[in-house]
Amino acid sequence: MRIPLLGAVLLCALAFPAQAQQTRELRLITDRTDQGVLRPMLDAFEARSGAKVSAVFMDQGLVNRLESRPTEADVVITKDAELLEIAAQKGLLTAFNSKAIVESIPAEFRDPGNRYFVDAYRARVIYYAKARVQPGELSSYENLADPKWKGRICIRPGSHDYNLALFGQFMVSYGEAKAKVIMAGLSNNLARTPKGNDREQAKGIFEGKCDVALMNTYYHALMANTPEQKPWADATAVFYPDQAGKGAFIMRSAIGMTKAEGNRDLAQQFLEWVASVEGQEAMVRGTRQFSPRPDVGIHPLLTQLGAEQGLKGGRFKMNFVPLAAMAGQREAVLKHVADIGFDKER
């Protein structure tokens, strides 16, 4: 029996439905280890695009991973934008060609070569014990090097990416000599061995082990919404340093495309969604960070931070240091952290 050509085509389509309706897969690698923060955004993009997003979550070594497996993923997301600047300098990223991104993200939050952009930021600020410290006692990062804070400061390891980024900004903004004095003063004033994550420092304040700590802004909101950690948030308040001077330093997260070629259109579609109002609102909701887009509001839990020092609506003065300038300081910062024994046992 002869089967008409159209019938044969239909039969083939029915016989191989998986091939006819194959779902595209976007591969992503990130050092955002809290999948609960990023996963809702990936789910939203899946629902919007019809694509599947598979992600590799890791903690450290993101740039080394990109060097050893440059096409393992299509998109890279980092909690520390300085790492993408380093990756870009090493030729590990592909530039996007998107009018939507350029028009959505201000120039200061985009790589000049469009190899990545900042998808959110937070300030690295002073948390203090409300019961033992008055806001008037605080002023600047440099002030924390004063001997009056001897044995009263908690901080995570100086070799962690967050503190390397902070100290790198010290180097650029204050100059190497002054930055080293501040770092040494901080080290001398620590109440204990640098350890744990940022939330562990708030716990240390709650337990009376220290009176102040350097932490990121979003942790106050995250702790306040976590029942077992809410007492840590309640015991602490946030102070934005240097508001009468240069301003507080910020930590930036960022996103870019790798050298993988097969999914560049889908990868750019994802970047454009992250840069959109919808994507940025999802980022603010999920991470409690600030959006680089001026038309996206501040998370409600951040609007009261700094109120004790007179800030309103969560708005603060930032000391903006270009990522390219920071990246050039990382090796010098690492060496100084080791030289002064910042992470030594206490």
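See above for the structure.
Bear in mind the structure is a predicted one, so any value in this text is a computation, not a measurement.

Draft legend 1. Spotlight on the side chain of Ser-104. Relative to the assigned elements, Ser-104 resides in helix α6 (residues 99–104). At 3.2 Å, the side chain of Ser-104 and the side chain of Arg-293 are in polar contact. Those residues within four positions of Ser-104 in sequence are excluded, and the remaining contacts are Ala-275 and Arg-293.

Draft legend 2. Structural context of the packing of aromatic side chains. Tallied over the entire structure, the rule returns 17 aromatic pairs. Ring plane angle 20 degrees and centroid distance 5.5 Å describe the contact between Tyr-121 and Phe-290, whose orientation is recorded as stacked. Linking Tyr-121 in strand β4 (residues 116–129) with Phe-290 in the loop between α13 (277–287) and α14 (323–327), this pair joins segments that are 169 residues apart in sequence. Note on accessibility: Tyr-121 and Phe-290 belong to one class, buried.

Draft legend 3. Region of interest: the nonpolar core. Ranked by size, the top nonpolar core spans 108 residues in total, and within it Phe-170, Tyr-240 and Phe-270 carry the most contacts. Top contributing element to this core by residue count: β4, with 11 residues.

Draft legend 4. Structural context of the environment of Ile-77. As for its position among the elements, Ile-77 is in strand β3 (residues 75–78). For Ile-77, a relative accessible area of 3% gives the class buried. A sequence separation of 48 residues divides Ile-77 from Ile-29, and the C-alpha atoms of the two residues are 6.5 Å apart.

Draft legend 5. Local environment of the pattern of salt bridges. For the coordinates displayed, the defined rule picks out 24 salt bridges. Between Arg-39 and Asp-43 there is a salt bridge; the shortest N-O distance is 3.1 Å. One end of the pair, Arg-39, and the other, Asp-43, are both in helix α3 (residues 35–49), four residues apart, so they sit about a helical turn from each other. With relative accessibility at 24%, the residue Arg-39 sits in the partly exposed group. Taking the relative accessible area as the measure of exposure, Asp-43 reaches 37% and is therefore partly exposed. Measuring nitrogen to oxygen at the nearest pair gives 3.2 Å for the salt bridge that ties Glu-142 to Lys-178. Highlighted residues: Glu-142 in the loop between β4 and β5 (153–154) and Lys-178 in helix α8 (residues 176–188), separated in sequence by 36 residues. For Glu-142, a relative accessible area of 41% translates into the label partly exposed. Residues participating in the shared-partner salt-bridge network are Asp-80, Glu-82, Asp-161 and Arg-330.

The rules behind these values
- Residues numbered from 1 in each chain as written.
- Predicted model: local features only at pLDDT ≥ 70, side-chain atom pairs only at ≥ 80, totals over all residues.
- Heavy atoms only, no water.
- Helix = DSSP H or I, 4+ residues; strand = E, 2+ residues; numbered from the N terminus.
- Polar contact = N/O pair within 3.5 Å; in protein donor to acceptor, adjacent residues only side chain to side chain.
- Contact = heavy atoms within 4.5 Å.
- Phe/Tyr/Trp six-rings, centres within 6.5 Å; stacked < 30°, edge-to-face > 60°.
- Buried < 20%, exposed > 50% of the residue type's maximum accessible area, 1.4 Å probe, protein only.
- Core = buried A, V, L, I, M, F, W, Y, C linked by side-chain atoms within 4.5 Å.
- Salt bridge = Lys/Arg side-chain N within 4 Å of Asp/Glu carboxyl O.

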